[in-house]
Amino acid sequence: MQKSILPEQEVKTQDGTLGTFAGVFTPSILTILGIILFLRLGYVVGSAGLSRALIIIGLANAISVLTSISLSAIATNLKVKKGGDYYLISRTLGSEFGGAIGVVLFLAQSVSIAFYCIGFGEALVGLLPDGIQITPQIISVVAVLFLFIFSWLGADWATRLQYVIMSMLALALLSFFAGAPGKWDAAIFAQNWARATSGPGFWVLFAIFFPAVTGFTQGVSMSGDLKDPGKSLPLGTFSAVGLSIVVYFAVAILFAGTTSREMLTGDYGAMKRVASIGFLIDAGVIGATLSSAMASFLGAPRILQSLAQDRIFPFLLPFAQGAGPSSNPRRGVLLSGTIALATIGLGKLNLIAPVVSMFFLISYGLLNYATFYEARSASPSFRPRFRWFDMRLSLLGCLTCLGAMLAINLAAGAVAIAVLFGIFQYLRRTSGPARWADSRRSYHFQHIREHLLSASAVPEHPRDWRPQLLALSDDPERRGRLLHFASWLEGGAGLTTVVQFLEGTGVKMLKVQEEAQLGLEKDVARHGINAFAQVMVVPNLQDGIYNFVQAYGVGPLKANILLLNWPEQLDTAAVDGWQAAGFGQKLNTVFRLGRNIILFDGKEIAWKTLESTPHHDRRIDIWWQDDATSRLMLLLAYLMTRNEAWEDAKIRVLGTSFSYLREHTVHGLEEMLEEVRIQAEPEVVTTVSAKAIVTHSADAPLVFLPFRLRKGQLIGPFGAPLQELLPRLRIAAAVLAGEDIDLEAEPEEGQAGELATLRDAALDFDKKAKQAEKDAKAAAEEAQERLLEIEMAGNASADEEAMAKLKAAAKEAEEKATKAARRAAKATAKAEDAARVIATCGEMPASDEKKSQTSGESKTVEKSNMEPKQGI
């Protein structure tokens with residue numbers, strides 16, 4: 001990549017400033033405890049009866065809880081940036097699903113501003129004296145404009161308003177809970193327990209109540225303004241959902257014990273009659289509507305800004321810019337306010353409202369499915385810090401959302417799905433190459449037979465790495481232990497191919513190969529290991545390994561680890577100890593191909609001891625040197641803990657340091673383990689010698705050791721030859737990394753992100769070049785006009801002073817034209833450089849102009865058109 005062609009980022013990002021309470025809990029709880037709580041919950045209790053009302057509340061909140069679990073898992077597996085639901089879904093399911101859900105969520109939240117403000121207007125009109133005549137729509141417009149000001153000022157100002165509203169809601173609920181005990185009547189409670197003899201059905205009442213729980217993801221929309229999204233999102237969301245569940249159940253029970261069925265179903269203001277101070281309920285109603293509208297006013301523009309910054313829809317690029325240090329999306333605020341005012345003006349809310357509710361349900365369903373999709377792919381990069389997660393819960397949440405859509409309003413659900421599908425299909429045809437790494441490639445690996453072609457179309461990324469092992473084994477007696485070790489290294493995410501090489505030539509070897517293939521397959525089946533078997537006939541072992549390692553695989557499925565027993569491939573009759581050039585040369589050949597090497601020393605006696613060791617007493621020691629080999633060993637140890645035999649095992653990372661730096665080194669290891677999300681115990685060894693390895697790890701069931709190749713010798717840690725070290729350990733794996741695996745890679749990193757930046761740079765330079773050419777052409781024309789004026793003045797015998805002024809103006813215009821021509825030439829050269837770099841990377845920008853540049857059609861304006869003729 002050429003650094004010189006990359007433009008400075010136009011959109012600058014800055015760390016968020018909001019914590020869990022202000023950024024997640026507050027907007028979520030204020031939206032959940034909304035107008036439904038104050039004006040519709042009583043009607044639901046009266047119509048359904050308390051028994052069914054509790055089921056309705058529980059079912060609606062089950063969607064909230066299941067989606068919150070999925071949200072917590074995926075939010076603690078990624079560094080969540082701006083965009084909330086859109087960011088999480090797009091980074092998992094891809095830009096097509098992400099772009100579609102981003103658009104509909106932005107529209108849904110923008111329209112919701114109008115809904116809540118109209119609710120505010122209706123509530124306020126009900127409180128005005130009879131003599132004052134004013135329509136709810138006028139009050140709604142004023143409310144939108146009022147909230148627009150706070151949104152325009154930024155999240156910090158809006159949060160201050162939310163604190164005021166939260167106080168109003170808290171006082172209203174306290175007033176209700178204070179007044180209810182004095183009006184409790186057991187007879188009324190018994191009457192309200194059963195459902196009404198007539199009235200709306202179960203799903204109609206569920207549809208009335210469900211909007212009450214749609215606010216729990218409002219905090220996710222503020223992800224870009226959070227200081228620590230990975231911590232704040234799970235904690236804040238669960239806190240808001242948990243508190244709201246308690247409040248809704250408590251209010252429903254108190255309604256049933258204090259208010260008659262007739263009043264509950266006939267008076268939406270029943271809560272006011274129960275409360276000790278009635279006007280506080282009116283204040284709560286006003287606060288509930290304003291808080292919900294404010295949360296939508298904050299969330300919608302940030303979704304739009306994130307969508308624009310990802311450049312999925314080119315026409316949204318103007319909305320990528322933000323204002324101030326926090327990059328407040330003021331252009332998005334302006335658009336959301338416009339949509340809200342337009343919705344109020346149209347007035348057909350009953351027609352639009354069901355579709356908007358379906359958009360929220362679709363987003364929750366897709367968020368659950370995205371988490372299930374990520375977990376189901378069994379990618380090593382899926383290591384959420386949230387431990388109370390099960391992918392089956394995410395699947396259940398997705399199916400529950402789908403079922404609720406069908407039950408609430410089939411027609412509205414169909415319309416919402418059709419809109420989402422239409423945008424998805426549009427993006428599939430127009431979005432171009434992937435702009436970031438998502439989970440699709442891992443999913444294709446897991447379902448290799450069905451999705452191999454799709455996987456090859458997605459660029460490689462460190463997050464997608466998984467072990468693909470070639471296990472070399474000629475000894476049937478030791479093959480079983482090697483196969484079991486390979487299956488542990490897979491961690492349910494990779495594949496193993498057991499390879500046996502036969503040296504020889506000629507037709508006679510075909511029969512030998514066939515017999516050996518059958519024997520190898522039977523041996524693999526006998527050990528019960530999921531592995532492929534392959535017997536290769538080669539003229540010599542070194543060339544055979546070299547060619548097979550390169551050729552193995554289909555499409556993106558390539559071998560990345562060579563696993564072999566120690567010292568099975570060594571010709572002991574021809575060497576002096578382990579310093580044989582033949583063995584080291586073979587390994588060096590594989591290493592130069594960029595493959596990782598693992599030498600497994602599984603002694604028979606130690607293996608039997610391991611089999612008898614309880615799972616919870618097993619330990620994996622990793623000797624850490626802070627290099628590519630160390631990171632590979634750490635990841636392989638983590639993958640081993642995915643197996644039942646090692647799931648309770650402890651991982652110990654042993655680093656070395658001077659005694660006076662011990663605490664500093666331990667702290668560094670702890671930070672590293674926290675960053676890569678792998679649970680392990682760090683330990684520092686102050687004695688740097690091979691003897692220290694035996695002292696600390698002789699009792700470990702399994703030890704990972706780094707080694708290196710030096711002049712055909714296999715050198716372990718601290719310069720000790722492996723042949724002196726391995727016999728003194730129980731079971732050991734010597735590892736040499738041929739590639740560097742980034743355990744902290746983010747989705748935007750890697751080939752897809754780099755190419756996206758290059759394409760964006762090329763398009764930006766192309767636009768600047770065109771504008772520079774226009775400016776240069778205009779300057780050249782102006783210079784020619786000044787020369788023409790001089791010529792005409794000369795013919796008319798103008799006085800010397802006038803001629804001097806004309807010549808000065810012409811000279812100035814000529815200098816301006818020359819400078820403009822130079823700027824245009826530089827801009828065109830940069831655009832052509834960008835096009836050449838993209839062509840070198842195998843990618844072309846999406847514009848026809850760039851294609852014409854790379855095909856040889858020069859965009860440089862002719863010098864005759866850029867510079868004036870010399871006449872002065």
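Since the model is a prediction, treat every value here as computed from it, not as a measurement.

Participant: I keep staring at the confidence of the model for the protein and nothing clicks. Help me out?
Facilitator: It should be kept in mind that the predicted coordinates are not to be read in detail where pLDDT is low. Per-residue confidence for the protein gives a mean pLDDT of 81; residues scoring 70 or more make up 87%. Counted against residues more than four places away or in other chains, residues 1-14, with its pLDDT under 50, gives 22 contacts. Low pLDDT, under 50, characterises residues 843-872; the stretch is placed with 70 contacts to residues that sit more than four places away or in other chains.

Participant: What's the story with the packing of helix 1 (residues 20-32) against helix 11 (residues 229-258) in this structure? I'm lost.
Facilitator: Packing of helix 1 against helix 11 brings their axes to within 8 Å, and their N-to-C directions diverge by 30 degrees. By the angle between their axes, helix 1 is roughly parallel relative to helix 11. The hand of the helix 1/helix 11 crossing is right-handed. Across from Thr20, Val24, Phe25, Ser28, Ile29 and Ile32 in helix 1, the residues of helix 11 making contact are Ser232, Leu233, Leu235, Gly236, Thr237, Ser239, Ala240, Leu243, Ser244 and Tyr248. For the contact of helix 1 with helix 11, a count of residues per class yields nine nonpolar, seven polar and no charged.

Participant: Quick question: what am I supposed to make of a positive patch on the surface here?
Facilitator: Positive charge collects at one region of the surface, where Lys768, Lys819, Arg822, Arg823, Lys826 and Lys830 lie side by side. Of the residues forming the positive patch, the biggest block, five residues, is contributed by helix 31 (residues 800-840). Looking at the element boundaries, Arg822 is found in helix 31. Note on Arg822: relative accessible area 56%, which makes it exposed.

Participant: Even after reading the chapter, I still don't get a negative patch on the surface, so can you show me in this structure?
Facilitator: A cluster of acidic residues, Glu670, Glu671, Glu675, Asp742 and Glu744, forms a negative patch on the protein surface. Relative to the helices and strands, Glu744 is located in the loop between strand 14 (731-736) and helix 30 (751-795). For Glu744, a relative accessible area of 39% translates into the label partly exposed.

Participant: Is there a simple way to explain the pairing of strand 11 (residues 702-706) in this structure?
Facilitator: Side-chain direction in a regular strand flips from residue to residue, so the side chains alternate between the two faces of the sheet. Burial runs high along strand 11: five of the five residues are buried. The alternating pattern of strand 11 places Leu702, Phe704 and Pro706 and Val703 and Leu705 on opposite faces, both of which are buried. Pairing analysis gives three bridges linking strand 8 (residues 619-623) to strand 11, with the strands arranged parallel. Bridge assignment links Ile620 to a residue of strand 11, and that residue is Leu702.

Participant: Explain the environment of Pro380 to me, please; I cannot follow it from the model alone.
Facilitator: If you trace the backbone, Pro380 turns up in the loop between helix 16 (349-376) and helix 17 (391-408). Put simply, Pro380 and Leu743 are 363 residues apart on the chain and 9.4 Å apart in space, counted from C-alpha to C-alpha. Beyond its immediate stretch of four places on either side in the chain, Pro380 contacts Trp465, Arg466, Ala493, Leu635, Tyr638, Leu639 and Arg642.

Participant: Sorry if this is basic, but what is going on with unusual backbone geometry here?
Facilitator: Of note, the phi angle at Asp626 is positive, near 55 degrees, even though the residue is not glycine. Positionally, Asp626 belongs in the loop between strand 8 and helix 26 (628-640). On the accessibility criterion, Asp626 (54% relative accessible area) is exposed. Of note in this structure, Arg677 is not a glycine but carries a positive phi near 60 degrees. The class for Arg677 is buried, based on a relative accessible area of 16%.

Participant: Which parts of the structure should I look at to understand the side chain of Asn192?
Facilitator: Checked against the element boundaries, Asn192 lands in helix 8 (residues 186-193). Judged by relative accessible area, which is 0%, Asn192 ranks as buried.

Participant: What is the right way to look at the sheet that holds strand 8 in this model?
Facilitator: The strand order 3-2-1-6-7-14-11-8-9-10 describes an open sheet built from 10 strands, whose pairing is mixed. Both outer strands of the open sheet, strand 3 (532-538) and strand 10 (681-685), are each paired with one neighbouring strand and no more. Averaged over all pairs of adjacent strands, the angle between their axes in this sheet comes to 25 degrees, without regard to strand direction. Relative to strand 6 (residues 561-565), strand 1 (residues 468-472) is paired through four bridges, and the arrangement is parallel. Bridge pairing links Leu472 to Leu564 in strand 6. Strands strand 9 (650-656) and strand 10 of the sheet are contacted by helix 27 (residues 662-676), whose axis makes an angle of about 150 degrees with strand 10.

Participant: Which parts of the structure should I look at to understand the pattern of salt bridges?
Facilitator: Close approach of charged atoms allows side chains with opposite charge to pair. A full pass over the atoms with the stated rule returns 14 salt bridges. Note that Glu674 and Arg385 form a salt bridge whose closest N and O atoms lie 3.2 Å from each other. Within this pair, whereas Glu674 is found in helix 27, its partner Arg385 is found in the loop between helix 16 and helix 17, the two being separated by 289 residues in sequence. Relative accessible area serves as the criterion here: at 46%, Glu674 is assigned to the partly exposed category. The partner of Lys603 in a salt bridge is Asp601, with the nearest N and O atoms 2.6 Å apart. Among the charged side chains, a network of salt bridges with common partners joins Arg619, Asp621, Arg652, Glu683 and Asp699.

Rules used throughout
Counting starts from 1 at the beginning of each chain's written sequence and moves along it residue by residue. Side-chain atom pairs in this predicted model are given and counted only at pLDDT of 80 or more, local residue features only at pLDDT of at least 70, and totals for whole chains, interfaces and linings cover all residues. In computing side-chain values, all of the structure's heavy atoms are included and hydrogens and water are not. pLDDT: the predictor's confidence for each residue, scored from 0 to 100. Between two residues, a contact is recorded if the distance between any of their heavy atoms is within 4.5 Å. Throughout, an axis means a line fitted to C-alpha atoms (over the contacting stretch in the case of helices), and angles, computed between N-to-C directions, take values from 0 to 180 degrees. Helix and strand definitions here come from DSSP, where helices need a minimum of 4 consecutive H or I residues and strands a minimum of 2 consecutive E residues; each element is numbered from the N-terminal end. Roughly parallel means an angle under 35 degrees; roughly antiparallel, over 145; roughly perpendicular, 65 to 115; everything else is oblique. Crossings are assigned a handedness: left-handed for a near helix turned anticlockwise from the far helix by less than a right angle, right-handed for a clockwise turn. Polar here means any residue other than Ala, Val, Leu, Ile, Met, Phe, Trp, Tyr, Cys and Pro, which are nonpolar, and Asp, Glu, Lys and Arg, which are charged; Gly is therefore polar. Without a salt bridge and with relative accessible area above 30%, a residue can belong to a patch; like charges are then joined within 9 Å and nonpolar side chains (Val, Leu, Ile, Met, Phe, Trp, Tyr) within 5 Å. Each accessible area value is a Shrake-Rupley result obtained with a 1.4 Å probe; residue values ignore everything except the protein chains displayed when judging cover. Whenever Lys or Arg places a side-chain nitrogen within 4 Å of a carboxyl oxygen from Asp or Glu, that contact is recorded as a salt bridge. All tallies of charge rest on Lys and Arg as positive and Asp and Glu as negative; His and the ends of each chain are not included. Note that the charge is assigned to NZ on lysines, CZ on arginines, CG on aspartates and CD on glutamates. Under the scheme applied here, a residue whose accessible area is under 20% of the maximum for its type counts as buried, over 50% as exposed, and between as partly exposed, the area being computed with a 1.4 Å probe on protein chains only. Pairs of strands are assigned from DSSP output, requiring at least two bridges between the strands.

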